[in-house]
Amino acid sequence: MIEAAGIEKSFGPVRALRGVALRVAAGEIVALFGPNGAGKSTLARCLAGLSRPDAGEVRIDGERARGAAAARLRSRLGYAGHGALLYDHLSAEENLAFFAALHGVPRPQERARALLEEFGIPGRAGDALRGLSRGTQQRLALARALVHEPAILLLDEPATGLDPAAAGALHDRLNAHRQKGGCALLVSHDLPAALTLADRYIVLTSGRIGDQGPAAGADPAALAARFSGATAGARA
Amino acid sequence: MSMLRAAYLIARKDLRIEVRGGDALALMGALALATVFAFAFTLGERTMNTLAPERLIPPVLWTALAFASLVGFRQGWAHEAEHDALSGLRLAPVDRSAIYLGKLAAALVLVLVLEAILVPVSGVIFGADLIPIAGPLTLVLLLHSYGLCAAGTFLGALVNRLGRGESLAAILLLPVAVPILISAGKCTSAALAGRPLGEVRFWMVLAGCFAAVITALAVVLFEPLLEE
Amino acid sequence: MSRRVTEILAAVSLLGMFLAVWMALQYVPTALAADGEPNPVQRIFYVHVPSALTAFYAVGVLFVGSVGYLLTRRRGFDLAALAATETSLLFCSIVLITGPIWAKPEWGRAWTWEPRLNLTAVLWLLLLGMVLVRRVSAHRDEGARFASVLGILALPVVYLVYTAVERWGGLHPKPTIGRDAPSHDPRITLGFGICTLAFLLFGTLLIVLRARLAALEERIGNLAAGAATGVAP
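Residues numbered from 1 in each chain as written. Chains lettered and ligands numbered in written order. Predicted model: local features only at pLDDT ≥ 70, side-chain atom pairs only at ≥ 80, totals over all residues.

## Quick word on the overall build of chain C
Move 1: Regarding its fold elements, chain C presents six helices and zero strands.
Move 2: For chain C, buried positions account for 38% of its 233 residues.
Move 3: Within chain C, residue pairs in contact and separated by at least 24 positions form 76% of the contacts whose partners lie at least 6 positions apart. (Helix = DSSP H or I, 4+ residues; strand = E, 2+ residues; numbered from the N terminus. Buried ≥ 20, exposed ≤ 12 C-beta atoms within 10 Å, placed from the backbone. Contact = placed C-beta atoms within 7 Å.)

This is the structure in structure tokens:
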């Protein structure tokens, strides 16, 4: 379970997040939508502990992720962002094994091989990352995020570059994750697909939370129109 | 996971990348060589042949090492920037200082490998017999290389975050590494002249203290450096 | 610092500088060179040493500001650190320029390559580097953070300079005022004291004014950014 309250983040004069609060409970998948530049990726990074908010706090399982507790709580998180968070010169297997070892996973090599098989990248185990296609790299990035079986997933546009089959496999994986009691925050531009998977949705515009509600019954087209309209309104 | 184990994993990963397809060592070697010959041309044939090795080798060697190692420090951090892999390291449940220590260890290995080639070659081209003084010389090299890497790894991280700061690295390294450079010059000179290291005890201790202080400060200051 | 206090500081330090100039040029006795001839160039000592002390004092402010910013992330600390960096760079430049002017007639060489001189030049380089780091940074907070981290490393270098003379010797005159030394003409002591005080006050004034300027620059930047995106800052 992860929650944030009063998150403020500025980059110089640009205020990316203004007083954002949200909560993702165990067994819940929350979809985060919003126009470009709304601050979705910044929010995801603040929740992951990669970006330090100027104000506000992030709690993981009720505890503030600070000081001595920080490392332990970080192990509960899995994050996938815009970069693959991998090394070009290492093979897929070496990349996964390294992160597995770093996260304290016992028998990292085995885990790496198992993940490669699960995500459909077995024959490529020995190839350096550079030689892999964009879609394969993305699948590997997701595998890395899941290498230590985290309970809380923060995924920033995870389906980018994935073919329909791989995107479908990701959906199934997230469903299974939810059934086991895990939770996830899913940043997405694919409203219909995300709404099918998620329990709730939240809309972020210009650093503030606007619309939010249950995913069931939400109309993707209307939703999209509303938050595009919301941006135009603010500029007026 | 203990900080040392995490640092070991990170260092091993860095060295694996370097072996696999990195060009840091080659670039460092090339720059070191270029520096040596820049000295050769500007000092002129007479100086190069007549000036005693203990006067000539320390400045040429340590200048070449200082600038060459900067390349190594920069490269070490460039890998982390490519696919935002540094975030991957920061997400791991390890002390962020382990990242610094791991990178420091890897950088030190590269610098020592460079020295293993550069120093014997210097002995040959400067006409100095290094075998009888191999012991003290190695000690001097180890101590001062560590100090250089401790400062350089930290600054490499800072410069890497800045993006445009390639040349800033050289400007910033010099002030921070000054005690190391002064001490390295004096100790290397003493070793080459065949004098016992006890004579330059003060400088060795200074270099050791500086290395310890820089490491301690870097470990503490590393977290704010990595922040976004 | 409130307007009133700043105005008083400005008035006092400017008066102090006028007084210092008079004392340095007129009041103190002309020093004698080694051959007994009067050496008016020695008067530059009354600019050189106070500038050095002011530069070190500014580095102290820089250090406190850097530590304060890293611990509290409060703007005020960073503004002080930024202003102190530029101020110490200014006074360090004065030291490096006045030093050789003094040295050439006194010791025959403008620069003697001893540790204290070299370390002062290196300090200058570090301060310049810190100014550049802020300039090259993507945005203020990043520049502030990196400069703070560097600032904390800067102080040991300064300390090294100040104790360099004691430890490594060299031609650079050892401090004789305020330590067990042959008694000076009281005018020299007074002149030196006034000059130092005036420089320190002036340096403080520069730090305050520069910090205020930086704060205004930031506010303008924020307002401009707000206007561009149509959203109030």
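## With respect to the sheet that holds strand β1 (residues 2-11) of chain A
Residues and elements named next belong to chain A.
Move 1: Read from one edge to the other, the open sheet built from four strands follows the order β2-β1-β4-β5, with strand pairing classed as antiparallel. Taken across any chain shown, the strands that pair with only one partner, and hence form the sheet edges, are β2 (14-24) and β5 (63-64).
Move 2: Note that strand β4 (residues 55-60) and β5 share two bridges and pair antiparallel. Each bridged residue has a counterpart across the sheet, and for isoleucine 60 the counterpart in β5 is glutamate 63. (Pairing = 2+ DSSP bridges.)

## Here we look at the environment of leucine 25 of chain B
All names here are of chain B.
Move 1: Relative to the assigned elements, leucine 25 resides in helix α2 (residues 24-50).
Move 2: Overall, leucine 25 belongs to the buried group, with 20 C-beta atoms counted inside 10 Å.
Move 3: In this structure, the C-alpha to C-alpha distance between leucine 25 and valine 113, residues 88 residues apart in sequence, is 8.3 Å.
Move 4: Beyond its immediate sequence surroundings of up to four residues, leucine 25 is in contact with Glu18, Leu110, Val113 and Leu114.

## Description of the interface of chain A and chain B
Move 1: Tallying the contact residues gives 27 residues for chain A and 24 residues for chain B.
Move 2: Elements with a minimum of two residues in the side of chain A that touches chain B: α1 (40-48), α2 (67-74), β6 (77-80) and α3 (92-102) of chain A.
Move 3: When residues in the side of chain A that touches chain B are grouped by element, the largest group, four residues, is from α3 of chain A.
Move 4: Residues that form the side of chain A that touches chain B fall into these classes: 14 nonpolar, seven polar and six charged. (Nonpolar A, V, L, I, M, F, W, Y, C, P; charged D, E, K, R; others polar.)

## A word on the nonpolar core
Move 1: Among the nonpolar cores identified, the biggest contains 212 residues, and Leu47, Leu96, Leu154 and Leu186 of chain A together with Leu155 of chain B are the most heavily contacted of them.
Move 2: The element that contributes the greatest number of residues to this core is helix α7 (residues 166-192) of chain B, accounting for 15 residues.
Move 3: Sequence-distant contacts of leucine 154 of chain A, that is, excluding residues within four places in its chain, are made with Ala44, Leu47, Ala48, Leu77, Tyr79 and Leu185 of chain A. (Core = buried A, V, L, I, M, F, W, Y, C linked by C-beta atoms within 7 Å.)

## Quick look at the domain arrangement of chain A
Residues and elements named next belong to chain A.
Move 1: Examined at the domain level, chain A breaks down into domain 1 (2-76 + 150-235) and domain 2 (86-149).
Move 2: Domain 1 and domain 2 are separated by 25 Å when their C-alpha centres are compared.
Move 3: Taken together, the contact between domain 1 and domain 2 spans ten residues of the former and nine residues of the latter.
Move 4: Looking at the side of domain 1 that touches domain 2 residue by residue, the class counts come to six nonpolar, three polar and one charged. (Domains from an automatic or database assignment.)

## Regarding the packing of α2 of chain B against helix α3 (residues 53-82) of chain B
Residues and elements named next belong to chain B.
Move 1: For the pair α2 and α3, the least separation of the axes is 8 Å and the interaxial angle reads 155 degrees. Of the possible angle classes, the one that applies to α2 and α3 is roughly antiparallel. α3 is crossed by α2, and the crossing has right-handed handedness. Note on element contacts: α3 touches α2 through Val60, Thr63, Ala64, Leu65, Phe67, Ala68, Ser69, Val71, Gly72 and Gln75, opposite Ala24, Leu27, Met28, Leu31, Ala32, Thr35, Val36 and Phe39.
Move 2: Split into classes, the residues belonging to the contact of α2 with α3 amount to 13 nonpolar, five polar and no charged. (Axes fitted to C-alpha atoms, helices over the stretch in contact; angles between N-to-C directions. Parallel < 35°, antiparallel > 145°, perpendicular 65-115°, else oblique. Left-handed = near helix turned anticlockwise from the far one by under 90°.)

## Topic: the packing of α3 of chain B against helix α6 (residues 134-162) of chain B
Residues and elements named next belong to chain B.
Move 1: Contact geometry of α3 with α6 gives a least axis separation of 8 Å together with a crossing angle of 45 degrees. As the angle between them shows, α3 and α6 are arranged oblique. With respect to the hand of their crossing, α3 and α6 are arranged in right-handed fashion. Judged by residue contacts, Ala66, Ser69, Leu70, Phe73, Arg74, Gly76, Trp77, Ala78 and Ala81 of α3 engage Leu148, Cys149, Gly152, Thr153, Leu155, Gly156, Ala157, Val159 and Asn160 from α6.
Move 2: The class makeup of the residues in the contact of α3 with α6 is eleven nonpolar, six polar and one charged.

## Structural notes on α3 of chain B
All names here are of chain B.
Move 1: Here α3 spans 43 Å end to end across 30 residues, near enough to the 44 Å set by a 1.5 Å rise per residue.
Move 2: In terms of burial, α3 is a largely internal element, 21 of the 30 residues being buried.
Move 3: At the C-terminal side of α3, aspartate 84 shows a positive phi close to 60 degrees. (Expected span 1.5 Å × (residues − 1).)

## Considering α3 of chain A
Move 1: Of all the eleven residues making up α3 of chain A, eleven are buried; the element is thus mostly covered by neighbouring parts of the structure.
Move 2: For α3 of chain A, the secondary structure elements touched by its buried residues are α4 (108-118) and α5 (134-145) of chain A together with α1 (3-21) and α4 (85-91) of chain B.
Move 3: Looking at the residues trailing α3 of chain A, positive phi occurs at glycine 104 of chain A, about 80 degrees.

## Comments concerning the pairing of strand β9 (residues 200-205) of chain A
All names here are of chain A.
Move 1: Along β9, six of the six residues are buried, which leaves the element largely enclosed by surrounding structure.
Move 2: Here β9 shows two buried faces, one formed by Arg200, Ile202 and Leu204 and the other by Tyr201, Val203 and Thr205.
Move 3: In the sheet, β9 pairs with strand β10 (residues 208-214) via five bridges, with the strands oriented antiparallel. In the strand pairing of β10, isoleucine 202 is matched with glutamine 212.
Move 4: The antiparallel pairing of β9 with β10 creates a hairpin that spans two residues between the two strands, and serine 206 there sits at a positive phi of about 45 degrees.

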